[in-house]
Every structure is written in structure tokens, then in C-alpha cells.
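Coordinates in review
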Amino acid sequence: MIGIERGLLDKIRKKNKTIHFNITNQCNMRCRHCINIGSKTVLGEVEEEKLLQWLTKVKGLGYKKINIVGGEPFLKREMLRIVIDNATEQGLLPGVTTNAYWADTMEEAEKVVSELHGMKQLLISTDFFHMEHIPLVNIRNAVSACRKNSIFTAVNAVCCTKQEADYLQKLLQELPKEVFVNINILMPYGAAAKLSELVEREFSPEDTDNIPDFCDVEEHYVDSQGDIFTCCMSTLCTDTKQLRLGNLQTDEVDMILRKKETNSVYALISNKGIKGLVEALSKCEHAGPYLQKIYSSQCEFCVTVLNDLLVVNELEKVLRT
């Protein structure tokens, strides 16, 4: 995590748990680092009627906030408006993640934001990869339009190295100081797999003193088929589906909650973070090679090790003893 003090970010996330809904895998850009390009996790489009039904189950899972993601959600403008209005009627606080392609001018940005009057926050994805397609002026326009409408704004970005992150941080300093900026090292999946050799890797599972005891495993993610995962990155565990909690289309809330309660690996990460996962893996016979490697982030480590069925089976046995 770059650009913000780790402890502060953890406190913010613990207080503001959000469930993320993917409403479309369509995007008007093809960024070189996109995790959705060439990924097994890219599925079909969600049906509006089904999505609205899924929203009714969210409160039963204990969430107050939703965040609509893609793809690029603003390509589904009318559906986006309906989902935001429906969420608001149910007492949920809706937000959206976007690349801000729609904010070429202040006038256009203000028009789009005013149409989504129920939106409570806007998370903007921008970095050097996005800027190859969408200039920084769009980000400024989107931020300004949101501030006029008292909508919280934040910027999420990825870089290959800390040096790039520092440069990007300085570049984004022209945004209002109230804008929350979160910069991470790139996850080498999807299209970004081709950039793997450029990615700076400094996360070592053996360096236990510097591993946080908190992660975003409570930031649940719902894909376009209704499958609910503990977090967006856990969708990458395609071989084991270890952190899949159920399906909002076919499972009732109580069943999903039972799966959460009985998933020992999820409980471990939720309570003790990646530090707890590393400690448990140290007792697994076949986890050694994973613990000795260096990763771009704790997320890459988690996805890599939990996608190995043999190691997962050993881990579950350790947790039962």
C-alpha cells in the first residue's frame, strides 16, 4: 500500500465495509494492465431484474454500503441510475467506480453527476495506464462535479514500482486535498501478466514483522452471475474457489452466512489477516515454496497459495486441529 499510512487505511476500511457489485464487464478502454482482459473471471452481463433482487439480500448480510463496478459502469447509464435509486430506497449508500471517460468537460461532468443524485461516493481509477486513454483533466472535472454535489471522491491507482508511485502521487497532488488517493503495486493478472517482469516485488511472507493483521477480505464482491466472494481478488482463485461464499441468485442469506461461519480459511484471514495465514501455512508440508517467494503484494501471495488445492486441503486440516 502506497500513498497513505497503513494503520489509517485499515481503520477506514474497518469502519466502512462495502459490498461490490459488478454490473458489466464491458469497457470503452483496453488498458495494458487491465485484470479483466484475458482473465477467467470475466463472465457475461448481469440482468437488471436479477441485480435488483440481489440488492434486497445485501442488508441481510450486514452491509450498509454498495459499490458498483465493472468494466465501466457508466456505459450502462440508465441501469446505473435505476440501481442507485433502488439501493437508496432500501436504505443502502451507493457508490460507483469509474474511469471518468464521461468527464471531458466540466459541463458534461456536472450533467452526468446530477443525473445520479443518489450516488454517495465516486471512486475513480486513474494511473499511467489509464492516462494513455483518459487525460487527467477528466479526473479533475469529475472530482469538481462531485464536490459541488457533496459526493465523496477517491482515486485508486496501480503502478509497477514505488518510484512510479511516488511520481504519480506528486502528479495527483493538484487534486483537492480532500480527495482520498490510494496507490498499490500492480497485480500481474489478466493483461498485466505481460508486465510481470516490470513489477516490483517486495512482499515477503517470511518477513512476519511487516505483515499486517488486517486485509480486505470483508469487502465482499458479487460477479455478474451472482457469485459472492470474500473480496474482488479472491475471484482469481479459479482452481479452488476457496473464498467463494455462495450465490445471491440461488442461495438464501442464511445459507451464505452459514458458509461464512464454516469457512475456516476465511475466518482465519478475517480475524488475523495475512499474518495469520502465513503462520498457519508454516505448519503445512507443501506450503514452503510459496513462503520463500517474493510477491508484489499480500494479495498476490494470498491468491497464489489459495489457488493450490493441495495446500488448501492441508491448511484446512491445520485449522481443524
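A brief report on the enclosed structure follows. (Residues numbered from 1 in each chain as written. Predicted model: local features only at pLDDT ≥ 70, side-chain atom pairs only at ≥ 80, totals over all residues. Heavy atoms only, no water.)

**Looking at the overall build of the chain**
Per the secondary structure count, the chain includes eleven helices and nine strands. Scaling as 2.2 N^0.38, a compact globule of 321 residues should have a C-alpha radius of gyration of about 20 Å, and the chain matches this with 19 Å. For the chain, buried positions account for 53% of its 321 residues. Averaging the positions of the 38 positive and the 44 negative side-chain charges in the chain gives two centres separated by 3 Å. (Helix = DSSP H or I, 4+ residues; strand = E, 2+ residues; numbered from the N terminus. Rg over C-alpha atoms; globule rule 2.2 N^0.38 Å. Buried < 20%, exposed > 50% of the residue type's maximum accessible area, 1.4 Å probe, protein only. Lys, Arg positive; Asp, Glu negative; His and termini not counted. Charge placed at Lys NZ, Arg CZ, Asp CG, Glu CD.)

**As for the packing of helix α2 (residues 48–58) against helix α3 (residues 77–89)**
Two numbers describe how α2 lies on α3: the axes approach to 10 Å, and their chain directions differ by 20°. Taken together, the axes of α2 and α3 lie roughly parallel to each other. You can see that α2 and α3 cross each other, and the crossing is right-handed. Across the interface between the two elements, Glu48, Leu51, Leu52 and Leu55 from α2 touch Met79, Ile82, Val83, Asn86 and Ala87 from α3. Residues of the contact of α2 with α3, tallied by class, amount to seven nonpolar, one polar and one charged. (Axes fitted to C-alpha atoms, helices over the stretch in contact; angles between N-to-C directions. Parallel < 35°, antiparallel > 145°, perpendicular 65-115°, else oblique. Left-handed = near helix turned anticlockwise from the far one by under 90°. Contact = heavy atoms within 4.5 Å. Nonpolar A, V, L, I, M, F, W, Y, C, P; charged D, E, K, R; others polar.)

**Some points on the environment of isoleucine 35**
Looking at the secondary structure, you find isoleucine 35 in the loop between β1 (18–22) and α2. Using a relative accessible area of 27% as the deciding quantity, one classes isoleucine 35 as partly exposed. The spacing of isoleucine 35 and glutamine 249 is 214 residues in sequence and 25 Å in space, taken between C-alpha atoms. Here isoleucine 35 is in contact with Tyr189, Gly190, Met233 and Leu236, once residues within four sequence places are set aside.

**A short note on the packing of aromatic side chains**
On inspection of all chains with the given rule, the structure shows four aromatic pairs. Here tyrosine 295 and phenylalanine 301 contribute two aromatic rings whose centre-to-centre distance is 5.3 Å and whose plane-to-plane angle is 65°, an arrangement assigned as edge-to-face. Phenylalanine 301 shares its class with tyrosine 295; the two are buried. Of the aromatic side chains, those joined through ring pairs into one cluster are Phe203, Tyr295 and Phe301. (Phe/Tyr/Trp six-rings, centres within 6.5 Å; stacked < 30°, edge-to-face > 60°.)

**A short note on the environment of asparagine 28**
You can see asparagine 28 is positioned in the loop between β1 and α2. Asparagine 28 gets classed as partly exposed once you look at its relative accessible area, which sits at 31%. C-alpha of asparagine 28 to C-alpha of aspartate 213: the two residues are 185 residues apart in sequence and 37 Å apart in space. The residues touching asparagine 28, leaving out its near neighbours within four places in the chain, are Glu72, Leu75, Asn99 and Tyr101. A distance of 3.3 Å separates polar atoms of two side chains, one belonging to asparagine 28 and the other to asparagine 99. (Polar contact = N/O pair within 3.5 Å; in protein donor to acceptor, adjacent residues only side chain to side chain.)

**A look at helix α4 (residues 106–115)**
Along α4, the residues that are buried comprise Ala109, Val112 and Val113. The buried residues of α4 occupy an angular sector of 95° when the element is viewed end-on, so they sit on one face. Exposed and facing more than 90 degrees away from the buried side of α4 are Glu107 and Lys111. Against α3 and α5 (136–148) lie the buried residues of α4. (Arc of directions from axis to C-beta.)

**Structural notes on the pattern of salt bridges**
For the coordinates displayed, the defined rule picks out 15 salt bridges. Residue glutamate 132 pairs with arginine 32 through a salt bridge whose shortest N-O separation is 2.7 Å. Taken together, the residues span a long stretch of sequence, with glutamate 132 in the loop between β4 (121–125) and α5 and arginine 32 in the loop between β1 and α2 at a distance of 100 residues. For glutamate 132, a relative accessible area of 44% gives the class partly exposed. Residue class for arginine 32 comes out partly exposed when judged on its relative accessible area of 43%. Put simply, glutamate 202 and lysine 162 hold a salt bridge, and the shortest N to O gap is 3.0 Å. Of this pair, glutamate 202 sits in the loop between β6 (180–185) and β7 (221–222) while lysine 162 sits in helix α6 (residues 162–171), and the two are 40 residues apart along the sequence. For lysine 162, a relative accessible area of 41% translates into the label partly exposed. Residues participating in the shared-partner salt-bridge network are Arg77, Lys111 and Glu115. (Salt bridge = Lys/Arg side-chain N within 4 Å of Asp/Glu carboxyl O.)

**What about the side chain of aspartate 227?**
By secondary structure assignment, the location of aspartate 227 is in strand β8 (residues 227–229). Relative accessible area serves as the criterion here: at 15%, aspartate 227 is assigned to the buried category. Side-chain polar atoms of aspartate 227 contact the side chain of asparagine 247, separated by 2.8 Å. Apart from residues no more than four positions distant in its own chain, aspartate 227 is found in contact with Tyr221, Val222, Arg244, Gly246 and Asn247.

**A few points about the pairing of strand β5 (residues 152–159)**
Note: β4 against β5, five bridges, orientation parallel. Following the sheet pairing, leucine 123 is matched in β5 by alanine 154. Read as a crossover between parallel neighbours, the route from β4 over α5 to β5 is right-handed. Two strands pair when backbone bridges link them, and β5 and β6 are joined in this way by six bridges, in the parallel orientation. By the bridge assignment, valine 158 is partnered in β6 with asparagine 184. The β-α-β motif built from β5, the intervening α6 and the parallel element β6 has right-handed crossover chirality. (Pairing = 2+ DSSP bridges. Right-handed = clockwise from strand over helix to strand, strands pointing away.)

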